[in-house]
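Each chain is listed here by its residues.
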Amino acid sequence: MINKVVKTIDEALDGVISDMTFMVGGFGLSGIPENAIAALSKKDIFGLTCISNNAGVDDFGLGLLLQRKQIKKMISSYVGENAEFERQMLSGELEVDLIPQGSLAERCRAGGAGIPAFFTPAGYGTEVAEGKEVREYNGKPHILETALTADFAFVKAWKGDTAGNLIFKGTARNFNPLMAMAGKITVAEVEELVPAGELDPNQIHTPGIFVQRILQGEKYEKRIEQKTTRSRV
Amino acid sequence: MLNKNQIAQRIAQELEHNTYVNLGIGIPTLVANYIPQGIDIEFQSENGVLGMGPFPFEGEEDPDLINAGKQTITTLDGAVLFDSATSFAMIRGQHVQLTVLGAMEVSENGDIANWKIPGKMVKGMGGAMDLVASADNIIVAMMHTNRAGDSKILKQSTLPITGVNCVKKVVTNLAVLEVTNKGFKLLERAPGVSVEEIKNATAADLIIEGEIPEMQL
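Everything numeric here is computed off the predicted structure, so don't read it as measured data.

Novice: I would appreciate a short explanation of the confidence of the model for chain B in the present structure.
Specialist: For any part of a model where pLDDT is low, the fine detail of the predicted coordinates should not be relied upon. On average, residues of chain B score 96 in pLDDT, and 100% of them reach the 70 mark or higher. Interface scoring of the predicted complex returns ipTM 0.97; its pTM is 0.97.

Shown next as structure tokens:
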């Protein structure tokens with residue numbers, strides 16, 4: 001068994017420097033690597049390119065890195081929850097590449113799977129298609145999208161073992177397994193780290209081969225963005 | 001004239017038995033409240049859940065269980081959770097049969113715009129471009145006019161589009177419109193709204209054949 005465990009967040013972030021490209025898992029604030037983001041926001045690293053479906057909110061998630069202007073470029077699909085993001089984007093301080101969510105997911109998956117590019121119908125005829133090769137398959141136009149990889153991928157899982165195998169919970173899975181595949185160095189933080197052998201191999205979502213470092217997360221706030229409930233009648 | 005809940009109620013009549021449906025943010029989300037009796041539907045949310053249930057009771061919210069609008073949800077028996085690539089395989093692969101979403105503009109060739117107002121609002125397309133590029137059936141739920149009172153039903157989109165030639169039907173507070181290869185066809189009018197009023201509120205030409213019935217809610 002290859003042991004992937006790192007003891008501290010500093011060890012987990014070893015090698016992180018300015019101008020790198022990071023992938024950050026999560027959808028909204030669900031399943032984001034809270035500990036890695038918090039630690040990155042305290043480091044003096046700037047000029048980052050971040051690949052993440054969303055950009056957090058003003059004071060949590062990737063919003064923390066945006067506040068300190070650590071991010072030069074965001075590659076995302078939806079950023080509506082963050083006013084500071086919108087301000088930096090409209091003023092031109094922040095470079096933004098908005099891409100369809102399914103294409104973002106598949107581009108990460110492809111990056112990890114050794115597929116350099118693929119054709120998809122999503123975005124054909126829109127701004128997203130500008131400059132991209134168009135080809136017809138089954139009578140329908142498709143655009144060429146290229147794979148994404150990153151220097152570091154920061155992901156968050158529910159449970160993990162010392163071999164780096166991961167199990168996610170609920171909809172906190174989202175982009176995490178795909179980004180884990182696409183990171184040159186994938187840092188997984190988990191709510192519960194167990195010895196290898198304790199997780200049922202049948203139930204593992206992300207095989208440890210995709211994870212270079214695994215860390216027991218110190219604490220999780222797990223903020224809810226839109227608390228929506230129904231009344232008991 | 002319909003309110004938002006009534007728009008959702010009218011769209012719910014379009015649901016077919018034993019189908020998988022993706023509901024967008026806003027009015028579309030309300031459609032789940034009006035599923036007709038005897039119709040079995042599984043709702044997909046593109047952040048990675050199929051078999052989505054109602055909102056949780058107060059105190060039972062789970063931060064690890066949300067829909068694509070980031071609202072807390074529950075799951076029903078038979079539900080399944082998956083990653084974003086699998087989710088969009090369901091969408092792109094046309095396993096999800098119906099998509100209901102909101103729009104800022106719909107044009108007469110079925111183009112939809114709902115993700116960007118240049119220089120003003122830049123939220124991103126989220127999963128909308130993947131959804132509209134692939135679903136067999138796409139219904140738009142929206143108000144007929146914008147806040148300024150201008151028609152959102154246009155000959156040609158003025159905003160950056162989300163997808164081309166994709167919308168099949170539009171349900172607004174005033175009317176039900178079908179997108180045909182000759183343009184918008186008026187199918188139904190909202191209770192108490194005349195054909196004349198609909199024409200006046202619509203920038204695109206309307207195909208009007210015979211008596212236009214009132215919606216039945």
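Novice: Would you mind showing me how to read the interface of chain B and chain A here?
Specialist: Reports of interface size often rely on the accessible area that becomes lost once the parts have come together. Listed per partner, the contact involves 50 residues of chain B and 51 residues of chain A. For the pairing of chain B and chain A, the buried interface totals around 4300 Å² over both sides, and the portion due to carbon and sulfur atoms is 58%. Between chain B and chain A we count 6 salt bridges in total. Across the salt bridge formed by Asp-64 of chain B and Lys-222 of chain A, the nearest N and O atoms sit 2.5 Å from each other. Along the contact surface separating chain B from chain A lie 28 residue pairs in polar contact (both at pLDDT 80 or more). Broken down by secondary-structure element, the contributors of at least two residues to the side of chain B that touches chain A are helix 3 (84-92), strand 9 (121-122) and helix 4 (128-134) of chain B.

Novice: Would you take a moment to explain empty space enclosed by the protein for this structure?
Specialist: To find leftover empty space, one rolls a probe the size of a water molecule over the atoms. Per the counting criterion, the structure on display carries 5 cavities of 30 Å³ or more. In this structure, the largest cavity is lined by Leu-29, Ser-30, Gly-31, Ile-32, Glu-34, Lys-156, Tyr-220, Lys-222 and Arg-223 of chain A together with Pro-63 and Asp-64 of chain B. Here the residues of the lining of the largest cavity are counted per class, giving 4 nonpolar, 2 polar and 5 charged.

Reading guide: rules and limits
- Residues numbered from 1 in each chain as written.
- Chains lettered and ligands numbered in written order.
- Predicted model: local features only at pLDDT ≥ 70, side-chain atom pairs only at ≥ 80, totals over all residues.
- Heavy atoms only, no water.
- pLDDT = per-residue confidence, 0-100.
- Contact = heavy atoms within 4.5 Å.
- Buried area = accessible area lost by both parts, 1.4 Å probe.
- Salt bridge = Lys/Arg side-chain N within 4 Å of Asp/Glu carboxyl O.
- Polar contact = N/O pair within 3.5 Å; in protein donor to acceptor, adjacent residues only side chain to side chain.
- Helix = DSSP H or I, 4+ residues; strand = E, 2+ residues; numbered from the N terminus.
- 1 Å grid on protein atoms, 1.4 Å probe; cavity = no way out; pocket = protein on both sides within 12 Å on 5 of 7 lines; lining within 4 Å.
- Points joined across faces, edges and corners; volume = space filled by probe spheres on them.
- Nonpolar A, V, L, I, M, F, W, Y, C, P; charged D, E, K, R; others polar.

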